[in-house]
Amino acid sequence: MHLYNLIALVLIEPVVSQRIWDIWQTTWNKQYLFTSLKPAPISFGTPGPIGDANIIVDTTEYQQMDGFGASLTDSSALVLSNFKSSNVSGYWSLLYKLFDPTEAASSAALSVLRVPIGASDFSASAYTFDDTWNDLSLSKFSVDNAPAYVWSTLSDITTVTPYLKVFIVPWTAPAWMKTSSSINGGALKSGYEKLFAQYLFKSVQGFTNKGYRPYAISCQNEPQHSTSSYPTMLLPVEQEALVGNTLRTLLDTNGFADVKIIGFEHNWDNAGSYPIQLMQQAPSAFAGASFHCYAGSPSAQAAFTNAYPSK
């Protein structure tokens, strides 16, 4: 299904005196990206005489929409942090424009943030949450390996909205868990699936201890992509299924049964293969699959939806 235009209406008054205060538009060709049309408030008046009408209500239920958002990478957090240092009033105005959930606030009211577990391709330095070589007990694991400005920016955002959903995802496992012995490129070593799941579980605990209990977690960003240029890691479907099953058990038995695991995290062009195979191999581990737009067509998602309409 192609979505050509997205228009959001912001309503703030009770039904008896309902009024449209703002209209936000996104067009398929990106001419407008979540842009306010700035209309004059539209009030609903007293209904006139009822004419002949044949109204058909489609009662089909589709997937629940959990929220809209963006990624908070190290780089975006650094830009925001530097902006705060140079223009504190502008910084807070921007955060409120992006995240304020108040009705009629003329804001985007973003409610989801996708935050990397360790370094991504938008990081100033290369790191994971445990870079001590062969730390099989993960005793040196620490989410404080992330730059302090990531946590301070998250803290500021949560003062603007109490509804924030934090979705965490790794670009790579620690280098010592990988065939490349580097956080750039390579694959997860065979036999390290359970240890990597423990690493991800400790990430959930770490974010929670910081005050940001994750809404969801993925096992790997773009598991079919590897490059020596920035943090990446191949994770074949069989390995992701093992990681997912182990992680699901760890979450369920340690007070995190509500945290969703999202699979795949890659492009539309393989929507009919990898994510379907993943659900077949670990049906109870994953709440669903997530898709990227760098290759293929959004219509390809239909293959996955048809196979797993409840995911």
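Refer to the structure printed above.
Residues numbered from 1 in each chain as written. Predicted model: local features only at pLDDT ≥ 70, side-chain atom pairs only at ≥ 80, totals over all residues. Heavy atoms only, no water.

Enquirer: Please give an account of the overall build of the chain that cites residues and values.
Expert: Tallying secondary structure elements over the chain gives seven helices and 10 strands in all. Principal-axis analysis of the C-alpha atoms gives the chain an extent of 75 × 50 × 40 Å. By the burial criterion, 42% of the 311 residues in the chain qualify as buried. Of all intrachain contacts in the chain linking residues separated by at least 6 positions in sequence, the fraction that spans at least 24 positions is 66%. For the chain, the computed accessible surface area is about 16,300 Å², with 55% contributed by carbon and sulfur atoms. (Helix = DSSP H or I, 4+ residues; strand = E, 2+ residues; numbered from the N terminus. Buried < 20%, exposed > 50% of the residue type's maximum accessible area, 1.4 Å probe, protein only. Contact = heavy atoms within 4.5 Å. Areas by Shrake-Rupley, 256 points an atom, 1.4 Å probe, with all protein chains shown as cover.)

Enquirer: For the sheet that holds strand β6 (residues 112-117), give the residues involved together with the corresponding values.
Expert: Taken in spatial order, the six strands line up as β5-β6-β7-β8-β9-β10 in an open sheet, and their pairing is parallel. A single partner strand is all that each edge strand has here, and the edge strands are β5 (69-71) and β10 (288-292). Each adjacent strand pair in this sheet contributes to an overall mean axis angle of 30°, direction not counted. Here strand β8 (residues 214-218) pairs with strand β9 (residues 260-267) via three bridges, running parallel. Across the sheet, the residue bridging to Ala216 is Lys260, located in β9. On the sheet, helix α5 (residues 237-252) packs against β8 and β9 and is oriented at approximately 155° with respect to β9. (Pairing = 2+ DSSP bridges. Axes fitted to C-alpha atoms, helices over the stretch in contact; angles between N-to-C directions.)

Enquirer: Outline the pattern of salt bridges, supporting the account with residue identities and numerical values.
Expert: On inspection of all chains with the given rule, the structure shows six salt bridges. Asp66 is the partner of Lys260 in a salt bridge, and the nearest nitrogen-oxygen pair spans 2.8 Å. Here Asp66 lies in the loop between β4 (42-43) and β5 and Lys260 lies in strand β9, a separation of 194 residues in the sequence. For Asp258, the salt bridge identified is with Arg213, shortest N-O distance 2.7 Å. Within this pair, whereas Asp258 is found in the loop between α5 and β9, its partner Arg213 is found in the loop between α4 (193-209) and β8, the two being separated by 45 residues in sequence. In this structure Arg213 comes out as partly exposed when scored by relative accessible area, which is 37%. (Salt bridge = Lys/Arg side-chain N within 4 Å of Asp/Glu carboxyl O.)

Enquirer: Residues and numbers for the nonpolar core, please.
Expert: Judged by nonpolar contacts, the single largest core of 63 residues is most densely connected at Phe129, Met177, Leu188, Phe196, Tyr199, Leu200 and Ile217. When residues in this core are grouped by element, the largest group, eight residues, is from α4. Contact partners of Phe129, with chain neighbours within four places excluded, come to Ile117, Gly118, Lys140, Phe141, Ser142, Val143, Asn145, Ala146, Tyr199, Ser203 and Phe207. (Core = buried A, V, L, I, M, F, W, Y, C linked by side-chain atoms within 4.5 Å.)

Enquirer: Before we move on, can you summarise the packing of aromatic side chains with the specific residues and values?
Expert: All told, the structure shown has 11 aromatic pairs when counted by the stated rule. When the centroid spacing of 6.0 Å and the interplanar angle of 20° are considered together, the rings of Phe196 and Tyr199 count as stacked. One end of the pair is Phe196 and the other is Tyr199, both in helix α4 and three residues apart, which spans about a single turn. For the residue pair Phe196 and Tyr199, the accessibility class agrees, reading buried in each case. (Phe/Tyr/Trp six-rings, centres within 6.5 Å; stacked < 30°, edge-to-face > 60°.)

Enquirer: Describe in detail the environment of Thr179, supporting the description with residues and values.
Expert: Within the secondary structure, Thr179 is located in the loop between β7 (165-170) and α4. The exposure class of Thr179 is exposed, given its relative accessible area of 52%. Taking the C-alpha atoms as reference points, Thr179 and Ser190, separated by 11 residues in sequence, lie 8.8 Å from one another. What Thr179 contacts, discounting residues up to four positions off in sequence, is Gly186, Ala187 and Lys189.

Enquirer: Before we move on, can you summarise the packing of α4 against α5 with the specific residues and values?
Expert: Packing of α4 against α5 leaves a shortest axis separation of 8 Å and a crossing angle of 45°. Between α4 and α5, the angle falls in the class oblique. Viewed along their axes, α4 and α5 form a crossing whose handedness is right-handed. On α5, the residues touching Glu193, Lys194, Phe196, Ala197, Gln198, Leu200, Phe201 and Val204 of α4 are Gln239, Leu242, Val243, Thr246, Leu247, Leu250 and Leu251. (Parallel < 35°, antiparallel > 145°, perpendicular 65-115°, else oblique. Left-handed = near helix turned anticlockwise from the far one by under 90°.)

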